[in-house]
Amino acid sequence: MVNKFAYQGDDIAADIVEKYKYKGKFLKLFAENTGPSVQKWHHYIPLYDRYMGLYRKPTVRFLEIGVERGGSQQMWRKYFGPKATIMGIDINPDCAEFDGLSGMVRIGSQNDPEFLRAVVAEMGGVDIVLDDGSHRMEHVQTTFQTVFPLLSEPGLYMIEDLHTAYLRRYGGGIDADGNFFRTVDRLIDDMHRWYHGGKQKVPGAEGKATGIHIHDSLVAIEKSESFQPTHSRVGREEDM
């Protein structure tokens, strides 16, 4: 399926600039990469900067689920800077060779809550999470329910390659209960609990998903303290 959408041109940067009008820092980090390979959908590049840029600080704590060839960790290091805590996890033991190069790498399953909690504890907490792991629905769900409660406030939780939510071999399907977009639907309901009075539907979210941004194959969920909505009227009122 991925090969069907593979870019056939010879100027990756030009394609991103032309389609998405993006010329930010991530453009060069991705398009001009000469280190270990990094494979990303072109429309992700401006989205990383749009959302991660809001949480970017010298001492940011970043967790990437899925290390693969190690190239993305190199990209994150250049983006976040030398003082950032960058952690990658992968189930493939071969990825251990990347530990200590651009960041830390720990070997384990994203479907193992105990392992995930130990990784976050080692990091001293986490500010940004990018789930680019197995893309299996049960794994995406387990990781979200385990790590989102550990995410700082404010914090950002991103999941990419969610086109797999529609593929049965990944536990998805357009009408499948396991499709992660059904969880996103419930998060939206939880965000609007003030108005419908229903119970919270998503374990671990605790009503703290305060921004939900949906793009093709990518969801960015912002976490912060949630306050009961308040409105005011200001200015002079004319006689009716």
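Residues numbered from 1 in each chain as written. Predicted model: local features only at pLDDT ≥ 70, side-chain atom pairs only at ≥ 80, totals over all residues. Heavy atoms only, no water.

**Here's the deal with the pairing of strand S1 (residues 61–65)**
Link 1 in the chain: Of all five residues making up S1, four are buried, and the element is well covered by its neighbours.
Link 2 in the chain: Pairing between S1 and strand S2 (residues 85–90): five bridges, direction parallel. Residue pairing in the sheet places Leu63 in a bridge with Met87 of S2.
Link 3 in the chain: Crossover handedness for the path S1 to helix H4 (residues 71–80) to S2: right-handed.
Link 4 in the chain: As paired elements, S1 and strand S4 (residues 126–131) share four bridges and run parallel to each other. If you follow Ile65 over to S4, its bridge partner there is Asp131. (Buried < 20%, exposed > 50% of the residue type's maximum accessible area, 1.4 Å probe, protein only. Helix = DSSP H or I, 4+ residues; strand = E, 2+ residues; numbered from the N terminus. Pairing = 2+ DSSP bridges. Right-handed = clockwise from strand over helix to strand, strands pointing away.)

**A word on the nonpolar core**
Link 1 in the chain: Within the largest apolar cluster, 31 residues are counted, with the highest numbers of intra-cluster contacts made by Leu63 and Tyr157.
Link 2 in the chain: Element by element, the count of residues in this core is highest for helix H5 (residues 113–123), at five residues.
Link 3 in the chain: Not counting the four nearest positions on each side in its chain, Tyr157 is found in contact with Val129, Asp131, Thr143, Phe144, Val147, Phe148, Leu151, Val219, Ala220 and Ile221.
Link 4 in the chain: Counting residues in hydrophobic clusters, the runner-up holds 28 residues, among them Tyr51, Tyr55, Val60 and Trp76. (Core = buried A, V, L, I, M, F, W, Y, C linked by side-chain atoms within 4.5 Å. Contact = heavy atoms within 4.5 Å.)

**Some details on helix H3 (residues 44–52)**
Link 1 in the chain: For H3, the buried fraction is high: eight of the nine residues fall into the buried class.
Link 2 in the chain: When H3 is considered as a whole, its buried residues turn out to be Tyr44, Ile45, Pro46, Leu47, Tyr48, Asp49, Tyr51 and Met52.

**A word on the environment of Glu97**
Link 1 in the chain: Here Glu97 lies in the loop between S2 and strand S3 (104–107).
Link 2 in the chain: Note on Glu97: relative accessible area 58%, which makes it exposed.
Link 3 in the chain: Glu97 sits 28 residues away from Arg69 along the chain, and the two C-alpha atoms are 9.7 Å apart.

**Some points on the side chain of His42**
Link 1 in the chain: Within the secondary structure layout, His42 lies in the loop between helix H2 (25–31) and H3.
Link 2 in the chain: Within the structure, the side chain of His42 is placed 2.7 Å from the side chain of Asp15, a separation counted as a polar contact.
Link 3 in the chain: For His42, the contacting residues outside a window of four places in its chain are Tyr7, Ile12, Asp15, Ile16, Tyr20 and Phe30. (Polar contact = N/O pair within 3.5 Å; in protein donor to acceptor, adjacent residues only side chain to side chain.)

**Observations regarding the packing of aromatic side chains**
Link 1 in the chain: With the rule as written, the count across this model stands at 15 aromatic pairs.
Link 2 in the chain: Here the aromatic rings of Phe26 and Trp76 are separated by 5.4 Å at their centres, their planes lie at 80 degrees, and the arrangement is edge-to-face. Taken together, the residues span a long stretch of sequence, with Phe26 in helix H2 and Trp76 in helix H4 at a distance of 50 residues.
Link 3 in the chain: Classification of Phe26 as buried rests on a relative accessible area of 0%.
Link 4 in the chain: Following the ring pairs from residue to residue traces out a cluster consisting of Phe26, Tyr44, Tyr48, Phe62, Trp76, Tyr79 and Phe80.
Link 5 in the chain: Sitting above the plane of the Tyr79 ring, Arg56 keeps its charged end 4.2 Å from the centroid. (Phe/Tyr/Trp six-rings, centres within 6.5 Å; stacked < 30°, edge-to-face > 60°. Lys NZ or Arg CZ within 6 Å of the ring centre and 35° of its normal.)

**Here we look at the side chain of Asp49**
Link 1 in the chain: With respect to the helices and strands, Asp49 occurs in helix H3.
Link 2 in the chain: Although Asp49 is buried, it makes no salt bridge; Arg56 carries the closest opposite charge, 4.8 Å away.
Link 3 in the chain: There is a polar contact of 2.7 Å between the side chain of Asp49 and the side chain of Tyr22.
Link 4 in the chain: If near-sequence neighbours (up to four positions away) are discounted, Asp49 is found in contact with Tyr22, Gly24, Lys25, Phe26 and Tyr79. (Lys, Arg positive; Asp, Glu negative; His and termini not counted. Salt bridge = Lys/Arg side-chain N within 4 Å of Asp/Glu carboxyl O.)

**Side note on the pattern of salt bridges**
Link 1 in the chain: Applying the stated criterion across every chain yields a total of twelve salt bridges.
Link 2 in the chain: The shortest N-O distance in the salt bridge between Asp185 and Arg182 comes to 3.2 Å. Of this pair, Asp185 and Arg182 are both found in helix H7 (residues 180–191), three residues apart, which corresponds to roughly one turn of the helix.
Link 3 in the chain: A cluster of three or more residues bridged by salt bridges with shared partners is formed by Lys40, Asp132 and Glu160.

**Topic: unusual backbone geometry**
Link 1 in the chain: A cis amide bond links Glu153 to the next residue, Pro154, at an omega of 0 degrees.
Link 2 in the chain: In this fold, Pro154 is placed in strand S5 (residues 151–159).
Link 3 in the chain: Of note in this structure, His135 is not a glycine but carries a positive phi near 70 degrees.
Link 4 in the chain: Mapped onto the elements of the fold, His135 is located in the loop between S4 and helix H6 (137–147).
Link 5 in the chain: Positive phi, close to 60 degrees, is recorded for Asp161, a residue that is not glycine.
Link 6 in the chain: Looking at the element boundaries, Asp161 is found in the loop between S5 and H7.
Link 7 in the chain: By relative accessible area, which is 12% here, Asp161 ends up buried.

On their own, these measurements won't tell you what the molecule is for.
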